[in-house]
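Fold and geometry: a report
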Amino acid sequence: MADLAGFLAVANAIFRSVFTVSHVAGWSLSGWARRPVGRYSRGVQATLKLRRPQAPIRAVLRPPGSKSISNRALLFAAMADGMSEILGCLDADDTRLMLGCLRELGLAVTQLGDPLSDGLRVTGVGQRLGNRAELPTLQVGTAGTVARFLTAALATARQPPWGSVQVDGSARMRERPMATLLEALRELGAQFECHGGEGALPFTVRPPADGALGGSVTLSRPVSSQFVSALVIAGCACSAGLDIVLEQGTPARPYVDMTLRVLGAFGGSAAWLPTDELPEGASSTTEIIRVESRNLRPCTRYIVEPDASAASYLLALPVLYGGEVTVPDLGSESLQGDAQFWRVLEAFGGRGEQDESRTVMRGPDTPGQLRGQELDLTDMPDMTLTAAVVAAFATGPTRIRGVGILRHHESDRIAAGATELRKLGAKVEEHEDGLDIEPPTPEALRERLDAGVVIDTYEDHRMAMAFALAGDVTIADPGCVAKTFPRYFEVLDSVGMLPEPEPEPEPTPDVEAAEAAEPTEDADTE
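For the structure given in this document, a descriptive report is provided here. Computed from a predicted structure; not experimentally measured. (Residues numbered from 1 in each chain as written. Predicted model: local features only at pLDDT ≥ 70, side-chain atom pairs only at ≥ 80, totals over all residues. Heavy atoms only, no water.)

1. Here's the deal with the pairing of strand β11 (residues 242–246)
- Of all 5 residues making up β11, 5 are buried, and the element is well covered by its neighbours.
- Direction of pairing for strand β10 (residues 215–219) relative to β11: parallel, over a ladder of 5 bridges. The partner of threonine 218 across the bridge, within β11, is valine 245.
- Taken together, β10, helix α7 (residues 225–237) and β11 form a β-α-β motif whose crossover is right-handed.
- Relative to strand β13 (residues 287–291), β11 is paired through 5 bridges, and the arrangement is antiparallel. Note that in β13 the partner of leucine 242 across the bridge is valine 291. (Buried < 20%, exposed > 50% of the residue type's maximum accessible area, 1.4 Å probe, protein only. Helix = DSSP H or I, 4+ residues; strand = E, 2+ residues; numbered from the N terminus. Pairing = 2+ DSSP bridges. Right-handed = clockwise from strand over helix to strand, strands pointing away.)

Put into structure tokens, the structure is as follows:
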């Protein structure tokens, strides 16, 4: 009898497990918060209902490691000659795509634990960038950092064991701009054969047989700062170094500054030329980065700081709902420009402070009293959607400019953001480089939310994370957050934003007996 009881207990547990998983995969997400949200499958057509917090939030919340820093550090470690150890690396789609490509190139990568943040050891092979003569197609998914940075490193690799390599990505990545970067790399001697549209993925890259000489390349104003960072990466392998001439500067300059600082940790050297060292006749808008030719050295202990873009959602919570949120290990010494987004939240009406090691955000003195703002987010375009959702709760209009780059991200975030803001009752006017947002009245917003709003996310992690801040909404395809913040909804659950799960009904003995006696059409008959 004991054996039978044990068997029935195990069978019942399996039944409940399968029943729960079928809800996640198919129809209902009741009880979802009790399961490991961070392991939610990508691509599943499902929704997640959220609610506003039931009380002011008081929490210490640490987002995962920075995606931008992680992928820069991983690539520089691969380009160094020897073993580097990276701690705090983001464990998400984008970093796993970079790691997958490095492993396909034949580099030795050792995980010190699970998740990746426990530590990684990467044994670099110098500018050869590879240990294999025959390579499969390198898949970059939707990761712009992987597509652009790795392409630049491949295009200027010195005497690699492979002759050429094909790079491909997702359908959306095939649409995203690459042409300006490919043309600049061609000037350095690289060859590209595009297999779809010209200047777009997929393509085959072949570096110069005798290595890239370097010299200078000139860009007008690139649509993405990732092009500039990619050329910094390429410049390291150029025998004569590289001057990157930007005739009208670059969008999102802090991301380029980040590249220069991470490069420095691996023994590279690149810097903006002072104004008085610019060539005679250079216009007032011209900026130049000078990259020295250097062999990179391994970094024995590189620590990745928390992701400032991800932190923006957590810091916005008390601004919208009251209370206080502290993000540790992200302060004024951060490499990330987005770490200063707390000042934008303060302008809306939040109360913040930041020191070298943490950022704290509190709700406004008078709950619900937020003010619309005039924002130039040129240096932090990824903060646009967070600011836009906060603007929907403010009094008075908000004007956002300088973020035309967002039309070329995982989605057209300007168009997508405008569409979803209108579902909340906001009046929104699109501009090529931004948004004008007239928020709904609190009563109109409440009426919309009570009626039920489903937020479409366009397979874009930032759309999902930003609009989840609205509280009483349903998020379509919540699994898209796996790109950079797999456990985002677990964090929201911890502050009370996921409804309590409904209890699962207990099957009656008669039902169990009937199901056991009469197999259904879906039963396994093998």
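2. Focus: the pattern of salt bridges
- One pass over the structure, following the stated rule, counts 35 salt bridges.
- The partner of glutamate 104 in a salt bridge is arginine 132, with the nearest N and O atoms 3.8 Å apart. With glutamate 104 in helix α3 (residues 93–104) and arginine 132 in the loop between β5 (120–125) and β6 (138–139), this residue pair connects regions lying 28 residues apart in the sequence.
- For glutamate 104, a relative accessible area of 31% puts it in the partly exposed group.
- Across the salt bridge formed by arginine 362 and glutamate 324, the nearest N and O atoms sit 2.8 Å from each other. Separated by 38 residues along the polypeptide, arginine 362 in strand β17 (residues 358–362) and glutamate 324 in strand β15 (residues 323–328) bring together distant segments of the chain.
- Since its relative accessible area comes to 21%, arginine 362 is described here as partly exposed.
- Overlapping salt bridges, with partners in common, bring together Lys67, Asp94, Asp382, Glu410, Arg413, Asp460, Arg462 and Lys483 in one network. (Salt bridge = Lys/Arg side-chain N within 4 Å of Asp/Glu carboxyl O.)

3. A closer look at the packing of aromatic side chains
- All chains considered together, the criterion is met by 6 aromatic pairs.
- Measuring from ring centre to ring centre gives 6.2 Å for phenylalanine 76 and phenylalanine 266, while their planes differ by 40 degrees; the resulting arrangement is tilted. With a gap of 190 residues between them, phenylalanine 76 in helix α2 (residues 67–79) and phenylalanine 266 in the loop between α8 (253–265) and β12 (270–272) connect regions that are remote in the sequence. Taken as a pair, phenylalanine 76 and phenylalanine 266 share a single burial class, namely buried.
- With 5.3 Å between their ring centres and 65 degrees between their planes, tyrosine 488 and phenylalanine 489 make a pair best called edge-to-face.
- Ring pairing ties together the aromatic residues Tyr313, Phe485, Tyr488 and Phe489, which thus form one cluster. (Phe/Tyr/Trp six-rings, centres within 6.5 Å; stacked < 30°, edge-to-face > 60°.)

4. Structural notes on the side chain of threonine 259
- Residue placement: threonine 259 occurs in helix α8.
- Since its relative accessible area comes to 0%, threonine 259 is described here as buried.
- Of the polar contacts made by the side chain of threonine 259, one reaches the side chain of serine 229; its length is 2.6 Å.
- When residues no more than four places from it in sequence are discounted, the contact partners of threonine 259 are Arg72, Phe76, Ser229 and Val232. (Polar contact = N/O pair within 3.5 Å; in protein donor to acceptor, adjacent residues only side chain to side chain. Contact = heavy atoms within 4.5 Å.)

5. Points about unusual backbone geometry
- For the bond running from aspartate 114 to proline 115, omega is 20 degrees, close enough to zero to count as cis.
- Looking at where proline 115 falls in the secondary structure, it is placed in the loop between β4 (108–111) and β5.
- For the peptide bond that leads from leucine 201 to proline 202, omega is -5 degrees, which places it in the cis range.
- By the secondary structure assignment, proline 202 is in the loop between β8 (191–194) and β9 (203–206).

6. Focus on the packing of helix α11 (residues 384–392) against helix α12 (residues 413–423)
- It is the contact of α11 with α12, at a shortest axis distance of 11 Å, that shows an interaxial angle of 20 degrees. With respect to each other, α11 and α12 are oriented roughly parallel. Every pair of crossing elements has a handedness; the one defined by α11 and α12 is right-handed. Facing Leu385, Ala388, Val389 and Ala392 of α11, the residues of α12 in contact are Arg413, Gly417 and Leu421.
- Each residue belonging to the contact of α11 with α12 can be placed in one class, and the counts come to 5 nonpolar, 1 polar and 1 charged. (Axes fitted to C-alpha atoms, helices over the stretch in contact; angles between N-to-C directions. Parallel < 35°, antiparallel > 145°, perpendicular 65-115°, else oblique. Left-handed = near helix turned anticlockwise from the far one by under 90°. Nonpolar A, V, L, I, M, F, W, Y, C, P; charged D, E, K, R; others polar.)

7. A closer look at the sheet that holds β4
- Here we have 4 strands laid out as an open sheet, ordered β4-β5-β3-β14, and mixed in their pairing. The open sheet has two edge strands, β4 and β14 (302–303), and neither has a second partner.
- As paired strands, β4 and β5 are joined by 4 bridges and run antiparallel to one another. For glutamine 111, the partnering residue across the bridge sits in β5 and is leucine 120.

8. Digging into the environment of valine 360
- Along the polypeptide, valine 360 turns up in strand β17.
- By relative accessible area, which is 1% here, valine 360 ends up buried.
- On a C-alpha basis, the gap between valine 360 and valine 327 in space is 6.4 Å, while along the polypeptide they are 33 residues apart.
- Not counting residues up to four positions away in its chain, the partners in contact with valine 360 are Glu324, Val325, Thr326, Arg351, Gly352 and Glu353.

9. Observations concerning the sheet that holds β13
- Ordered in space as β10-β11-β13-β12, the 4 strands form an open sheet in which the pairing is mixed. Only two strands of the sheet have a single partner each, and these edge strands are β10 and β12. Within this sheet the neighbouring strands show an average axis-to-axis angle of 15 degrees, counted without direction.
- Each of β10, β11, β12 and β13 is contacted by α7, which is oriented at about 165 degrees to β11, the strand it contacts most.
- Where α8 meets the sheet, its contacts fall on β12 and β13, and the angle it forms with β12 comes to roughly 145 degrees.

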